[in-house]
Amino acid sequence: MELQLALDLVNITEAKQVVKEVAPYIDIVEIGTPVVINEGLHAVKAIKDEFPSLKVLADLKIMDAGGYEVMKASEAGADIITVLGVSDDTTIKGAVEEARKQNKKIMVDMINVKDIATRAQEIDSLGVDYICVHSGYDHQAAGKNSFEDLATIKRVVKQAKTAIAGGIKLQTLPEVISAQPDLVIVGGGITGSDDKQLVAAQMHRMIKQG
Ligand SMILES: O=C([C@H](O)CO)[C@H](O)[C@H](O)COP(=O)(O)O
């Protein structure tokens, strides 16, 4: 099981500072959608240049032009790029095809997918690397989480790795770990804490113990 730190509400300078604090405890650093919107793919390049041993995920949430957008994120140094599960199969296929050429990986974000079981099986057959259940900020504000959806994809997905994101905190991490995803994605649970390094270290220990 791996830990991904999601950076959403920071600029490039702040992102570098947070990663410096927690780098030994994370496997993947995510340049979140708001950061890409504010700073562009320069943010991906800046973090990859400064922390070359960390895998960098560009959370582009691609909805169209999968091949082109994966190519651009790859040029910026992303190792993993996100595509939305609600997008057309041709978009996901284009993203996968380009990722294979560039030796990169595709994560499909299942945010707002209504029938998780059916869509996850379809997406799994398209050769993606990760399928991620996700309660976004707006769902979290309505009190939702993705724990049940994680159990669903664990049951139906045969090839891709499974991941979960959305409001995971130190207190809820044991429930997530018990479902055994391949990847746990945490943003505010680390970045919003007073001692980011301590929380990241605790989460890292719990995750590696499985
Ligand atoms: O993808 C995300 C969200 O849609 C904002 O871009 C977050 O990275 C994801 O939800 C993880 O962050 P937390 O929910 O703060 O753990």
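These notes cover the structure that comes with them. Only a predicted model underlies this, so the values are computations on that prediction, with no experimental measurement involved.

About the criteria used
- Residues numbered from 1 in each chain as written.
- Predicted model: local features only at pLDDT ≥ 70, side-chain atom pairs only at ≥ 80, totals over all residues.
- Heavy atoms only, no water.
- Salt bridge = Lys/Arg side-chain N within 4 Å of Asp/Glu carboxyl O.
- Helix = DSSP H or I, 4+ residues; strand = E, 2+ residues; numbered from the N terminus.
- Buried < 20%, exposed > 50% of the residue type's maximum accessible area, 1.4 Å probe, protein only.
- Pairing = 2+ DSSP bridges.
- Axes fitted to C-alpha atoms, helices over the stretch in contact; angles between N-to-C directions.
- Near = heavy atom within 4 Å.
- Polar contact = N/O pair within 3.5 Å; in protein donor to acceptor, adjacent residues only side chain to side chain.
- Areas by Shrake-Rupley, 256 points an atom, 1.4 Å probe, with all protein chains shown as cover.
- Nonpolar A, V, L, I, M, F, W, Y, C, P; charged D, E, K, R; others polar.
- Expected span 1.5 Å × (residues − 1).
- Parallel < 35°, antiparallel > 145°, perpendicular 65-115°, else oblique.
- Left-handed = near helix turned anticlockwise from the far one by under 90°.
- Contact = heavy atoms within 4.5 Å.

1. Here's the deal with the pattern of salt bridges
All told, the structure shown has eleven salt bridges when counted by the stated rule. Across the pair Arg100 and Asp129 runs a salt bridge, and its minimum N-O distance is 3.4 Å. Here Arg100, found in helix H5 (residues 89–102), pairs with Asp129, found in the loop between helix H6 (116–124) and strand E6 (130–134); they are 29 residues apart in sequence, far enough to count as distant. Residue Arg100 is classed as partly exposed on the basis of its relative accessible area of 42%. Overall, the relative accessible area of 16% leaves Asp129 in the buried class. Salt-bridge contacts for Glu122 lead to Arg119; the nearest nitrogen and oxygen are separated by 2.8 Å. With a gap of three residues between them, Glu122 and Arg119 both fall in helix H6, about one helical turn apart.

2. Examining the sheet that holds E6
Around the barrel, eight strands lie side by side as E1-E2-E3-E4-E5-E6-E7-E8; this closed barrel has parallel pairing. Pairs of neighbouring strands in the sheet enclose a mean axial angle of 25°, with direction left out of account. Where strand E1 (residues 2–7) and strand E2 (residues 28–31) come together, four bridges link them in parallel fashion. Bridge assignment links Gln4 to a residue of E2, and that residue is Ile28.

3. What about the site of the ligand?
Lining the immediate surroundings of the ligand are 15 residues, of which Asp8, His134, Gln140, Gly167 and Gly187 lie closest. Between an oxygen atom of the ligand and a side-chain N or O atom of Asp8, the distance comes to 2.7 Å. At 2.8 Å, a side-chain N or O of His134 approaches an oxygen atom of the ligand. Expressed as a share of its isolated accessible area of 400 Å², the protein-covered part of the ligand is 92%. Those elements that place two or more of their residues in the shell around the ligand are helix H2 (33–39), strand E3 (55–62) and helix H7 (137–141). Considering only residue class, the shell around the ligand consists of four nonpolar, seven polar and four charged.

4. Description of H5
It helps to recall that an α-helix has 3.6 residues per turn; residues three or four apart then point in one direction. The terminal C-alpha atoms of H5, which comprises 14 residues, lie 20 Å apart, in line with the 20 Å expected from a rise of 1.5 Å per residue. In the segment just after H5, Asn103 is the residue with positive phi, at about 60°.

5. Some details on the packing of H6 against helix H8 (residues 147–156)
Running from amino to carboxyl end, H6 crosses H8 at an angle of 45°, the nearest separation of the two axes being 9 Å. When the axes of H6 and H8 are compared, the pair comes out oblique. With respect to the hand of their crossing, H6 and H8 are arranged in right-handed fashion. On H8, the residues touching Ile116, Ala117, Ala120 and Gln121 of H6 are Asp149, Thr152, Ile153 and Val156. Of the residues that constitute the contact of H6 with H8, the class distribution is five nonpolar, two polar and one charged.

Purely geometric stuff here, so don't read any function into it on its own.
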